[in-house]
Amino acid sequence: MAKTRTPKSARFASKTERPPQGLPDRETLLKFIREAGESDKADMARAFGLKGNDRRALRDMLKELETSGALGKRGRKGFSEAGAVPPVGVVDVVERDTDGDLLVKLVKGEDAPLVHLAPDRSGAVGSAPGLGDRLLVRFEKLESGELEARVIKRLGQSAHRILGVVRKENKQVRVEPVDRRSKDSLVLVPAEAENLSDGDLVLAQVTAEVRYGPKRGKVLEVVGRVDQPRAASLIAIHSHGIPTGFSQDAEAEAEAAQPPTLKGREDLRAVPLVTIDPPDARDHDDAVYAEPDTDPSNEGGWIVWVAIADVAAYVRSDSALDREARDKGNSTYFPDRVEPMLPERLSAGLCSLRQGENRACLAVRMVFGKDGRKRSHKFIRGLMRSAAKLSYEQAQRAIDGFPDDQTNPLLEPILKPLWAAYETMMKGRRARSPLAIESQERKIVINAEGEVTSITPRASLEAHKLIEEMMVQANVCAAETLEQKKTPLIYRIHDTPSQEKVQSLAEFLQTLDIAWNKGEAPRTDRFNKLLEETREGPNAQIINEVVLRTQMQAIYSTENIGHFGLNLDRYAHFTSPIRRYADLIVHRALIRALGLGDDGITDRDISQMKDTAERITFAERRSMAAERDATDRYVASFLSDRVGAEFAGRITGVTRFGLFVRLDETGADGLVPVSTLGDEYFVHDDKAHALVGERTGRRWPLGTSVQVKLKEATPITGGLLFEMLSDPLPVDPNAPRPRLGVRARTFTGPKRGGGAGKVKAKSKGGKRR
């Protein structure tokens, strides 16, 4: 059975005391919100046990407190005490005080106070922040009672810096921003433009703002050429502030690393572990092997080995390698390149489990019963030698009866036992019922010249699922062991969907005549039942998409609330220390907890663990955004010579300003502006996820199959703009006519290149669970 979890604000409040049941008075309600940090109406009603009229009275009380200035809004539906700040937040540096110290203000929250920015003496943030910079900070209360903001991370380029393309026109030199959300270009003074060419990709800075006309600026750095191959990933790296390269100290440490020996290790070279990865993978951080359990008490059971590269043996705490890996947080994967977390000497060398070469590893030996449930596990620090390097496709073909010269001799002793163990493990997985959302992954194929040659669907093979399930179980073992040893760790947590998101899902399903109890607690098996019942129907894709949007985002945290999507009580990342810093911390914690060496987690690591969790969560978000933006630009480049072509697609997003359509052929997303949809005004019905004609009632609902024409494809911004060729659906006689209000058609379309161009690019590591 899936386990429900307490909402965030209620968990926070429960650390002090359970609030009294029944409609609270003003002071009790303010106390609850103050202790929770922030809360929404649904969480408050749940915490105080309110129903019916009491919930309406709570709503009125909140409105009164907001009007009086006692409460401030957080996001769309949340509240916090006026002037309150969250423990961690995104801020802008907005001004200096009379002493020259910087003051910051939360990006979200009109009532947020100005807070002094503490000086960064560690040098971890790089150059000192300046006016206009956007930062991720932690708020701390000083002994004096005043708040202070401490920098965790700089968030990409600052507000007064622009990454753009040089355009020389009519004796004027401008810098046009590559970010499609930016409206302002810069004009360069002649002296700044002498050595620049049209099409140069530059980092520029605003030097003066005039009341009328474009801003004045200067060039800080020439990054490259917009027309050069692989410019898309280069733009994404600079736009999102992805750290690149390594210092001389870090490179020297990597070069000094030596091949492993048996000292302090168990010899696992006789265990025929194999790596199974994408065909173009350069690093191999996990290997697997399975064999029947010969213990008479576990008849029908299996022993499964998962061996992971022992990165902790090479990246010691507080070394140059460690500091830079922590700053990067993870490797970032683009269609044409990888920005690795570790230098190549380690990531593709000594820490990569190469076939036939001795490698240091941290392995877990897991025992499963015939029911698929794990019975026991043991961690071993060993020396291994991979028996084979296989691709997913290669292993799958062998199991399907088409082995090649390499896999034929491996079929009986290695591959068939792996699949038999996996089939047994699947019994336990099915009983656990993790979330079964299907994602449509696409692969962008790029030739040696950096040109996109095709965008193809990624096959979802049983081999992928086998490796994923074995990695999940190894991750669970790591979390369980560290909890048993009472060792601090960084969990991978995934919160339960909020009540608001579930209610929105229920309202959408109502428009499809699918029943869903709005008061029902979110459970993975309930979501899976919905997905299974609609899998063969016409709305399967869009229901899958809406269920996905209902979920929260997984993060790293030192406090455990479990993993809702996997339906696990405890979960930690252990299986990819080459490319994720979280896994390296877990490795060090296991080494110390199990007495496997003197290079385990340090007291310094532990004291920084909360900060590390915040940093690597941010780094993951940063990489995801950069990967998505690069993909958008590559897709727009691929489609740029097909402007005017017609495509089949499906509406995947409905907003007041238009419809987002995903093309069937490439999976690319683009915008159909509402102003181009016809001669009447369209009202956004957010509950039905549809645009509805104010006069005729004709509808553009989410999930509708449509034909569109590509009007614009702008590689520099990644924007795609479509023209709708299909007719709207007829009026729904059972749906209420939309109320008059703000009309959707007031928006006249995006700037050139507006819209999104998203094709999900899957990195070597697969899904980020």
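Not measured: the values here are computed from a predicted model. (Residues numbered from 1 in each chain as written. Predicted model: local features only at pLDDT ≥ 70, side-chain atom pairs only at ≥ 80, totals over all residues. Heavy atoms only, no water.)

Colleague: What is the right way to read the overall build of the protein chain from this model?
Modeller: What the protein chain contains, in helices and strands, is 18 helices and 34 strands. Expressed as a percentage of the 769 residues in the protein chain, the buried residues total 53%. Taking the intrachain contacts of the protein chain between residues at least 6 apart in sequence as the baseline, contacts between residues at least 24 apart amount to 68%. (Helix = DSSP H or I, 4+ residues; strand = E, 2+ residues; numbered from the N terminus. Buried < 20%, exposed > 50% of the residue type's maximum accessible area, 1.4 Å probe, protein only. Contact = heavy atoms within 4.5 Å.)

Colleague: I would appreciate a short explanation of the environment of E441 in the present structure.
Modeller: Along the chain, the position of E441 falls in the loop between α11 (411-432) and β23 (442-446). We classify E441 as buried; its relative accessible area is 14%. Once the C-alpha coordinates of E441 and T456 are considered, the two residues, 15 residues apart in sequence, prove to be 8.7 Å apart.

Colleague: Looking at this structure, how should I read the confidence of the model for the protein chain?
Modeller: For any part of a model where pLDDT is low, the fine detail of the predicted coordinates should not be relied upon. Taken over all residues, the pLDDT of the protein chain has a mean of 85, while the share at 70 or more is 86%. Low confidence marks residues 1-16, where pLDDT is under 50. Its contacts with residues over four positions away, or in another chain, come to 41 contacts. Taken together, the stretch residues 740-766 has pLDDT below 50 and engages in 94 contacts with residues farther than four places along the chain or on a different chain. (pLDDT = per-residue confidence, 0-100.)

Colleague: Just to check I follow, could you spell out the pattern of salt bridges for this structure?
Modeller: Any two side chains of opposite charge can pair, so long as their charged atoms come close to each other. All chains considered together, the criterion is met by 44 salt bridges. For R225, the salt bridge identified is with D200, shortest N-O distance 3.0 Å. In this pair, R225 sits in strand β13 (residues 215-225) while D200 sits in strand β12 (residues 200-208), placing the two residues 25 residues apart along the sequence. The class for R225 is partly exposed, based on a relative accessible area of 26%. Assessed through its relative accessible area of 8%, D200 is described here as buried. With a shortest N-O distance of 2.7 Å, D310 and R381 are connected by a salt bridge. Here D310 is found in the loop between β17 (302-309) and α8 (320-328), whereas its partner R381 is found in strand β21 (residues 374-385), with 71 residues between them in sequence. Each member of the pair D310 and R381 is classed as buried. Taken together, the salt bridges that share partners define one network made up of R138, R326, D611, E614 and R615. (Salt bridge = Lys/Arg side-chain N within 4 Å of Asp/Glu carboxyl O.)

Colleague: What should I look at first to understand the sheet that holds strand β32 (residues 699-701) in this one?
Modeller: Across a sheet, strands are paired by hydrogen bonds formed along the backbone, either parallel or antiparallel in direction. Read from one edge of the open sheet, 3 strands run β30-β31-β32, paired in antiparallel fashion. The open sheet has two edge strands, β30 (682-685) and β32, and neither has a second partner. Going across the sheet, the axis of each strand differs from the next one's by a mean of 20 degrees, ignoring polarity. When strand β31 (residues 690-693) meets β32, the two strands line up antiparallel, connected through 3 bridges. From the neighbouring strand, V692 faces β32, where its bridge partner is R699. (Pairing = 2+ DSSP bridges. Axes fitted to C-alpha atoms, helices over the stretch in contact; angles between N-to-C directions.)

Colleague: Hey, could you run me through a positive patch on the surface in this one?
Modeller: A contiguous patch of positive charge, built from K370, R375, K427 and R430, is present on the exposed surface. Structurally, K427 can be placed in helix α11. Residue classification places K427 among the partly exposed residues on the basis of a relative accessible area of 41%. (Patch = residues over 30% accessible without salt bridge, like charges linked within 9 Å, V, L, I, M, F, W, Y side chains within 5 Å. Areas by Shrake-Rupley, 256 points an atom, 1.4 Å probe, with all protein chains shown as cover. Lys, Arg positive; Asp, Glu negative; His and termini not counted. Charge placed at Lys NZ, Arg CZ, Asp CG, Glu CD.)

Colleague: I'm lost on the nonpolar core in this one. Help?
Modeller: A general tendency of soluble globular proteins is for nonpolar side chains to be buried together. Among the nonpolar cores identified, the biggest contains 90 residues, and V304, W305, V306, L346, L418, M470 and F574 are the most heavily contacted of them. Per-element tally for this core: the top contributor is helix α12 (residues 462-484), with 10 residues. Apart from residues no more than four positions distant in its own chain, L418 is found in contact with V274, I276, V288, Y289, A290, L466 and M470. Listed in part, the 47 residues of the second largest apolar core include I446, I455, V547 and Y634. (Core = buried A, V, L, I, M, F, W, Y, C linked by side-chain atoms within 4.5 Å.)

Colleague: Is there a simple way to think about the packing of aromatic side chains in this case?
Modeller: The relation between two aromatic rings is expressed through the spacing of the ring centres and the mutual angle of the planes. Scanning the entire structure with this criterion turns up 5 aromatic pairs. Plain terms: the ring middles of F379 and F574 are 5.4 Å apart, the flat faces sit at 80 degrees to each other, and that makes the pair edge-to-face. One end of the pair, F379, is in strand β21; the other, F574, is in the loop between β26 (555-557) and α16 (581-593), with 195 residues separating them in the sequence. Ring-pair connections join several aromatic residues into one group, and the members of that group are W516, F527 and F564. The positively charged end of K328 is found above the aromatic ring belonging to F246, 3.9 Å away from the centroid. The ring of Y556 has R492 sitting right over it, with the charged end atom 4.6 Å from the ring centre. (Phe/Tyr/Trp six-rings, centres within 6.5 Å; stacked < 30°, edge-to-face > 60°. Lys NZ or Arg CZ within 6 Å of the ring centre and 35° of its normal.)

Colleague: Whenever I open this one, the packing of α12 against α16 confuses me. Can you help?
Modeller: A pair of packed helices is characterised by two quantities: the angle between their axes and the separation of those axes. At a closest axis distance of 10 Å, the pairing of α12 and α16 adopts a crossing angle of 45 degrees. By the angle class used here, α12 and α16 are oblique. Where α12 crosses over α16, the two elements pack in a sense that is left-handed. Two secondary-structure elements touch here, α12 through A478, T481 and L482 and α16 through V586, A589, L590 and A593. (Parallel < 35°, antiparallel > 145°, perpendicular 65-115°, else oblique. Left-handed = near helix turned anticlockwise from the far one by under 90°.)

Colleague: How do you make sense of the side chain of T631 when you look at a structure like this?
Modeller: Along the chain, T631 falls in helix α18 (residues 609-639). For T631, a relative accessible area of 1% puts it in the buried group. Among the polar contacts listed, one links the side chain of T631 to the backbone oxygen of E627, at a separation of 2.9 Å. (Polar contact = N/O pair within 3.5 Å; in protein donor to acceptor, adjacent residues only side chain to side chain.)

Colleague: Explain α12 to me, please; I cannot follow it from the model alone.
Modeller: One turn of an α-helix holds 3.6 residues; hence residues three or four places apart share an orientation. The terminal C-alpha atoms of α12, which comprises 23 residues, lie 33 Å apart, in line with the 33 Å expected from a rise of 1.5 Å per residue. The buried fraction of α12 is high, at 18 of 23 residues. At the exit of α12 stands K486, carrying a positive phi of roughly 55 degrees. (Expected span 1.5 Å × (residues − 1).)

Colleague: Explanation requested: the packing of α11 against α12 in the structure shown.
Modeller: The interhelical angle for the contact between α11 and α12, taken along N-to-C directions, is 65 degrees, at an axis separation of 10 Å. On the basis of the axis angle, α11 is roughly perpendicular to α12. Handedness of the α11/α12 crossing: left-handed. Contacts from L418, W419, Y422, M425, R429 and R432 in α11 reach E462, A463, K465, L466, E469, M470, V472 and Q473 in α12.

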